[in-house]
Amino acid sequence: MALIETDQLEKKYEVGDSIVHALNKVSLQISAGEFVAVMGPSGSGKSTFMNVIGCLDEPTAGRYLLDGIDVSQMDRDALAEIRNEKIGFVFQGFNLLSRTTALENVEVPLLYSKNIPKDRSHKAREALKLLGLEERQQHHPNQLSGGQQQRVAIARALVNNAPLILADEPTGNLDTKTSVEIMELFVRLNEEKKITIVLVTHEPDISAYSKRIIRFLDGQIISDQENRP
Amino acid sequence: MINLPATIKISLRSLRVNKMRSALTMLGIIIGVAAVITMLAVGRGASNKISEQISAVGSNLIIVLPGSTTTGGIRLGSGAIQNLNRADADAIKSECSAVSTTAPILNGGAQIVYGNQNWATVVYGTDESMVEIRDWTLAIGRNFYEQEIRSAAKVCILGQTVVDNLFGNNDPIQQIIRIKKVPFTVIGVLDSKGQSMMGQDQDDIIYVPVTTAQRNLFGRTFPGTVRSIMVKAKSTEELDRAEAQIKELLRQRHRIGPTQEDDFTVRNLTQMMQMAEQSSKVMALLLAAIASVSLLVGGIGIMNIMLVSVTERTREIGIRMAVGAKSWDIRTQFIIEALILSLIGGLIGVLLGILSSELLSFFAGWTILISTYSIVLSFGFSGLVGIFFGFYPAYKASLMNPIDALRHE
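Predicted model, so just to flag it, every value in this text is computed and none were measured.

## Digging into the overall build of chain B
The secondary structure content of chain B amounts to 13 helices and 14 strands. Computed over C-alpha atoms, the radius of gyration of chain B comes to 33 Å, more than 25% over the 22 Å expected from 2.2 N^0.38 for 409 residues, which places it beyond the range of a compact globule. Once the C-alpha set of chain B is aligned to its principal axes, its extents read approximately 105 × 55 × 40 Å. In chain B, buried positions account for 44% of the 409 residues. A separation threshold of at least 6 residues defines the contact pool for chain B, and within that pool the share at least 24 residues apart is 82%.

Okay, structure coming up:
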């Protein structure tokens, strides 16, 4: 079964008098365990696509099934619950809570789970350990390098055992060497933990790590091909 | 489901980060709560003091005074004549059903001598009912016997101040003192009552039998009369009825025609003092109401700061929403933050209020009464203020769009 299945997905914005089709009848399927790179120039609709499949935004029309659940008509609290259980986000700007330790940052998704686990800090520590950050638990984001911060963010995405990681330009703020480290991390998570990864990037070097590349232009998919690294 | 300890921890951290701002926001609540507590303490202290004085004077008291008289078109003031006598007092006692007991009073100033000590005080000629009427008790010795009143015995009961001034630490019982050069045997000493509402020393007093006062001390100008009659009604409810009965009886006894004015005045002492107590209570509430306005202003300060905080932390809100925080979670977080601000402020305010009340009583000498009720009230009110004024900013935060919030710089 497909983890992500969209059917005629549309997203329209009204800008003044004109209507912008950020997504125009997008239909695609992403199976569990895939590693997909979404590419396209700015304004192509790839960010809107990520927001919609990340349940941060609701489509204007069309259907979206995530893990078999139709989420296109859900209200914001139901979407929040879906995000918490199914999706881990990794952002370009890391988006960690400042003035909060790495460990506590990783714990945040657990605080909003339906059943708040008692061993929160244990789980968070495990996730940090997986990313080789056990020494940095008590550091605040501003005491960590960019790569380390991004790894904390990835640990946060992993902590709830979400089957899907959505990464929006995860290496955009990192140097080449760190970018390689982060991308290898994604590959490892994909292969070892079978986590589905959907990644937005405009760098061919980064998309090269994925197994499938989807290109957007003007709100439509213009190409969808396998990629053999 | 919300994780309360974790939410409280988050709130505390964000308040700690902006220490100065949190402290200033709290200051509004602190001042408000402290003001409410102080005002209530002062107000309640005042009304408490008044009710103490009421019970010191004696409860359910009515005083009958001689009225004015007119001679040749000239109206003389109250007390210019003395037209009340012991028979009036006895008649009131026996014929008015709402009256419990009465005591005649014939008083005057006098110089008292004991050994080589002397003292000027007020001597009250009265009878054995006086002690009961004024809800007084004897520290040592005994009350008058009825027979001593009838026979105009030269015995007296002293107030505490008189004893202090004449006897020091010696036992006054059975000692002879001289009032206006007439020797009297001391038979009792009254308990101390302290100051009256008007600031008079109520213990600076001597009671002698009214008959003795008439015969040996103050009876020269109007023989056989008394200055006033103290009446004790059976209960507070009966006060009005007692007053009416006394008026009717005295008009009859003094043969006053239906068109003529009373030649006496009936004053309801208890009612007067209860009115004073009532008005001091109203004043206390008024003061507290004014003080609570500052609590309200403190609440607006909280709302202001919370709105700023929400805007500043838009990105944090976005992150929390992205990883699964529901509207409710965000709302609770900010309400708890406001609540913590107001409750900590309230707590400090309570302490400060108690402190300032104590300082007022220490330096200004005011009677204060800090009640648990006023502490619970103002603390609870500060919590309500926090929830009320925290709600709008929290609601605003919870309605944010996570995408916009994440993009916020």
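## Description of the sheet that holds strand β3 (residues 35-39) of chain A
Residues and elements named next belong to chain A. Taking strand neighbours across the sheet as the criterion, the six strands line up as β6-β7-β8-β3-β9-β10 in an open arrangement whose pairing is mixed. Edge positions in the sheet fall to β6 (87-90) and β10 (220-226), since each of these pairs with one other strand and no more. Geometrically, the sheet is characterised by an average inter-axis angle of 15° between neighbouring strands, direction not taken into account. Bridge analysis of β6 against strand β7 (residues 164-168) gives four bridges, and the strand direction is parallel. For V90, the partnering residue across the bridge sits in β7 and is A167.

## Focus on the environment of I206 of chain A
Residues and elements named next belong to chain A. By the element assignment, I206 lies in helix α7 (residues 204-207). Sequence separation of I206 and M183 is 23 residues, and the distance between their C-alpha atoms is 7.2 Å. If sequence neighbours within four positions are ignored, I206 has contacts with T171, S179, M183 and T201.

## Some thoughts on the environment of G349 of chain B
All names here are of chain B. You can see G349 is positioned in helix α11 (residues 327-364). Given 30 C-beta atoms within 10 Å, G349 falls into the buried group. For G349 and L27, which are 322 residues apart along the polypeptide, the C-alpha to C-alpha distance reads 8.5 Å. Each residue touching G349, except ones within four places of it in the same chain, is listed here: I29, I30, G32, V33, A34 and S382.

## Some thoughts on the domain arrangement of chain B
As far as domains go, chain B holds domain 1 (4-53 + 275-407) and domain 2 (103-229). Once you take the C-alpha centre of each, domain 1 of chain B and domain 2 of chain B turn out to be 57 Å apart.

## Quick word on the interface of chain B and chain A
Counting residues at the interface gives 19 residues for chain B and 20 residues for chain A. Looking at the side of chain B that touches chain A, the elements with two or more residues in it are α1 (4-17), α10 (314-322), α11 and α13 (402-407) of chain B. By residue number, the principal contributor to the side of chain B that touches chain A is α10 of chain B, which donates five residues. Residues belonging to the side of chain B that touches chain A are distributed by class as follows: eleven nonpolar, three polar and five charged.

## Section: the packing of helix α3 (residues 102-111) of chain A against helix α4 (residues 120-130) of chain A
All names here are of chain A. As a packed pair, α3 and α4 sit with axes 9 Å apart at the nearest point and diverge in direction by 115°. Here α3 and α4 pass one another in a crossing that is right-handed. Every residue of α4 that contacts α3 at A102, L103, V106, E107 and L110 is listed here: R120, S121, K123, A124, R125, A127 and L128. Its residues placed into classes, the contact of α3 with α4 shows seven nonpolar, one polar and four charged.

So, how was this worked out
Residues numbered from 1 in each chain as written. Chains lettered and ligands numbered in written order. Predicted model: local features only at pLDDT ≥ 70, side-chain atom pairs only at ≥ 80, totals over all residues. Helix = DSSP H or I, 4+ residues; strand = E, 2+ residues; numbered from the N terminus. Rg over C-alpha atoms; globule rule 2.2 N^0.38 Å. Buried ≥ 20, exposed ≤ 12 C-beta atoms within 10 Å, placed from the backbone. Contact = placed C-beta atoms within 7 Å. Pairing = 2+ DSSP bridges. Axes fitted to C-alpha atoms, helices over the stretch in contact; angles between N-to-C directions. Domains from an automatic or database assignment. Nonpolar A, V, L, I, M, F, W, Y, C, P; charged D, E, K, R; others polar. Left-handed = near helix turned anticlockwise from the far one by under 90°.

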